[in-house]
Amino acid sequence: MQDSMAALEQNYITIQNLVNMLPLNGDQAERNTLNTQLVTARKAYWSCVNKAFHDDDPQVVDLTAQLKQQTRTIKDAVQNVGDIANKLDQITTAVNTAAKLAALV
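Throughout what follows, the structure given in this document is the object of discussion. (Residues numbered from 1 in each chain as written. Predicted model: local features only at pLDDT ≥ 70, side-chain atom pairs only at ≥ 80, totals over all residues. Heavy atoms only, no water.)

## Considerations on the environment of Ala-65
Part 1 of the argument: The residue Ala-65 is located in helix α3 (residues 58-78) in this model.
Part 2 of the argument: The class of Ala-65 is partly exposed, set by a relative accessible area of 44%.
Part 3 of the argument: For the pair formed by Ala-65 and Ser-4, sequence separation is 61 residues and the distance between their alpha carbons is 8.6 Å. (Helix = DSSP H or I, 4+ residues; strand = E, 2+ residues; numbered from the N terminus. Buried < 20%, exposed > 50% of the residue type's maximum accessible area, 1.4 Å probe, protein only.)

Shown next, in the form of structure tokens:
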């Protein structure tokens, strides 16, 4: 699997795992926001399945690096999921990067 595609998949899986943990915490507005971000991450991932990125494209390289870092930040935040409101900004940033990356395929 290409590095870019792997980054999109990991982003989607990380957010999905967070959604699965959320019923224990957060209010309905936070759950709605997180579910919207999950749908956007899923669309970015599935729009790229069976397609190929041009890994020599500087935009692809840059967005892949950004997405990997942002996903690591989300994973770290999941360790302390207590205050989900602060994590939603990090998730939104990562999902926006995933959408930009997916648009390049």
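Here the narrative resumes, following the displayed structure.
## Considering the packing of aromatic side chains
Part 1 of the argument: Enumeration over the complete set of coordinates arrives at two aromatic pairs.
Part 2 of the argument: Relative to Tyr-45, the ring of Tyr-12 has its centre 5.8 Å away and its plane inclined at 20°; by these criteria the two rings are stacked. You can see Tyr-12 sitting in helix α1 (residues 3-21) and its partner Tyr-45 sitting in helix α2 (residues 28-48), a full 33 residues away along the chain.
Part 3 of the argument: Relative accessible area serves as the criterion here: at 11%, Tyr-12 is assigned to the buried category.
Part 4 of the argument: Since its relative accessible area comes to 10%, Tyr-45 is described here as buried.
Part 5 of the argument: Plain terms: the ring middles of Tyr-45 and Trp-46 are 5.1 Å apart, the flat faces sit at 70° to each other, and that makes the pair edge-to-face.
Part 6 of the argument: For Trp-46, a relative accessible area of 52% corresponds to the exposed category.
Part 7 of the argument: Among the aromatic residues, ring-to-ring pairing joins Tyr-12, Tyr-45 and Trp-46 into one connected group. (Phe/Tyr/Trp six-rings, centres within 6.5 Å; stacked < 30°, edge-to-face > 60°.)

## A look at unusual backbone geometry
Part 1 of the argument: Here the phi dihedral of Asn-50 falls at roughly 65°; this positive angle occurs in a residue that is not glycine.
Part 2 of the argument: One can find Asn-50 in the loop between α2 and α3.
Part 3 of the argument: By relative accessible area, Asn-50 is classed as exposed at 79%.

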